[in-house]
Amino acid sequence: MVEITASMVKELREKTDAPMMECKKALTEAAGDLAKAEEILRIKLGNKASKAAGRIAAEGIVGIYISQDRKLGAIVEVNCETDFVAKNDDFIGFAQALAEIVATGNPSDTAALSTCKIGQLSVEDTRKALVGKIGENVSIRRFVRNQANGTLANYVHGGSKIGTLVDVVGGDEALARDIAMHIAAAKPVALSKSDVPSELIDKERNIAAAKAAESGKPANIVEKMVDGAVQKYLKEVTLLGQPFVKDDKLTIEALLKSKSASVASFVLYVVGEGIEKKVTDFAAEVKAQAELSTRV
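Residues numbered from 1 in each chain as written. Predicted model: local features only at pLDDT ≥ 70, side-chain atom pairs only at ≥ 80, totals over all residues. Heavy atoms only, no water.

Enquirer: An account of the overall build of the protein chain is requested, with residue identities and associated values reported.
Expert: When its secondary structure is counted, the protein chain shows twelve helices and ten strands. Taken across its 296 residues, the protein chain has 39% of its residues classed as buried. Long-range pairs, those at least 24 residues apart, make up 63% of the contacts in the protein chain with a sequence separation of at least 6. When the accessible area of the protein chain is evaluated, it comes to approximately 16700 Å², of which 53% is carbon and sulfur surface. (Helix = DSSP H or I, 4+ residues; strand = E, 2+ residues; numbered from the N terminus. Buried < 20%, exposed > 50% of the residue type's maximum accessible area, 1.4 Å probe, protein only. Contact = heavy atoms within 4.5 Å. Areas by Shrake-Rupley, 256 points an atom, 1.4 Å probe, with all protein chains shown as cover.)

Printed below as a string of structure tokens:
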């Protein structure tokens, strides 16, 4: 039997970042063959990734990449199961690497992104290895690539839980940064009124109509009340209509006009938005287990 030395374990651990005991087991199984042991670990990590894939990944971070000339960029949301893992350096590095790959490689969707390379491994194999290392499901949820008309700026908040990428034409770097920060704070759903999805407007109109109907006022007055409520809503949810967070007497539209600037586009990602999180009642779970044990 080949002797598995500490230096062999160390070398394999440095190459794979797998737990020490897993490295020793793989080397033993491979009779000391480092390359074979590495392959064994990858297979095992892949199995762990498959087992974790069904678990809800609603935590995570937003990764952002902007080229040096600020003309090309990307934003990506990568999810995990716990906030603890979202602060892991390897997880953060994975998200940042993905953002750069999206910008420079221009994959069409997450499936295409998974086949791109990070070093010698595909994105998917890198993801599986990360799952094996941290023991949590990791998923690539969404991304946007931006070839700017003007200059790109970004802003991240709350430990990268909120991220923005904005394309500002004209103005200066400080203005672009302010607009990116405003988007993170005010969370507009669209750039202008014409960009708001019709289903959101219809929903708001129905709510306003139901409220106005309770007033008992004539139909023509009710109609005006509904229109007024919808217009108010559109100002609140559109970037151009919102009051600037640094000066609420100034709308973003007026701010941009004063700087001879405009916003070509923006992306706002809030981690986990729209994902149904599993809520565990720990006390109830312990109680249920205790009751079960008394019946056995």
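Having seen the structure, we can now continue with the description.
Enquirer: Let's hear about the sheet that holds strand β5 (residues 139-147): which residues, and what values?
Expert: Sheet strands pair via backbone hydrogen bonds, and the direction of the pair is either parallel or antiparallel. Read from one edge of the open sheet, three strands run β1-β2-β5, paired in antiparallel fashion. If you trace the sheet from one side to the other, it starts and ends with β1 (59-66) and β5, each paired once. Geometrically, the sheet is characterised by an average inter-axis angle of 10 degrees between neighbouring strands, direction not taken into account. Judged from the eight bridges that link them, strand β2 (residues 72-80) and β5 form a sheet pairing that is antiparallel. (Pairing = 2+ DSSP bridges. Axes fitted to C-alpha atoms, helices over the stretch in contact; angles between N-to-C directions.)

Enquirer: Give me the lowdown on the packing of helix α9 (residues 198-213) against helix α10 (residues 219-237), citing residues and values where you can.
Expert: It is at 9 Å that the axes of α9 and α10 come closest, and there the two elements cross at 140 degrees. Comparing the axis directions of α9 and α10 gives the class oblique. As α9 runs across α10, the sense of the crossing is right-handed. In this structure, α9 contributes L200, I201, E204, R205, A208, A209 and A212 to the contact, and α10 contributes V222, M225, V226, D227, A229, V230, Y233 and L234. Across the contact of α9 with α10, the residue classes break down as twelve nonpolar, no polar and three charged. (Parallel < 35°, antiparallel > 145°, perpendicular 65-115°, else oblique. Left-handed = near helix turned anticlockwise from the far one by under 90°. Nonpolar A, V, L, I, M, F, W, Y, C, P; charged D, E, K, R; others polar.)

Enquirer: Could you give me a rundown of the pairing of β1, with the residues and numbers involved?
Expert: In the case of a regular strand, side chains alternate between the two sheet surfaces. Most of β1 is tucked away: six of the eight residues are buried. Pairing of β1 with β2, which is carried by eight bridges, proceeds in the antiparallel orientation. The partner of G63 across the bridge, within β2, is V76.

Enquirer: Report on the sheet that holds strand β10 (residues 262-270), specifying residues and quantitative values.
Expert: The three strands lie next to each other as β6-β7-β10, forming an open sheet whose pairing is antiparallel. The open sheet has two free edges, formed respectively by β6 (151-157) and β10, since each of these has just one partner strand. Across this sheet, the average inter-strand angle for adjacent strands is 15 degrees, counted without regard to direction. In terms of strand pairing, β6 meets strand β7 (residues 162-169) through seven bridges, oriented antiparallel. Considered in β7, the bridge of N154 is made with L165.

Any functional reading would require information that these geometric values do not contain.
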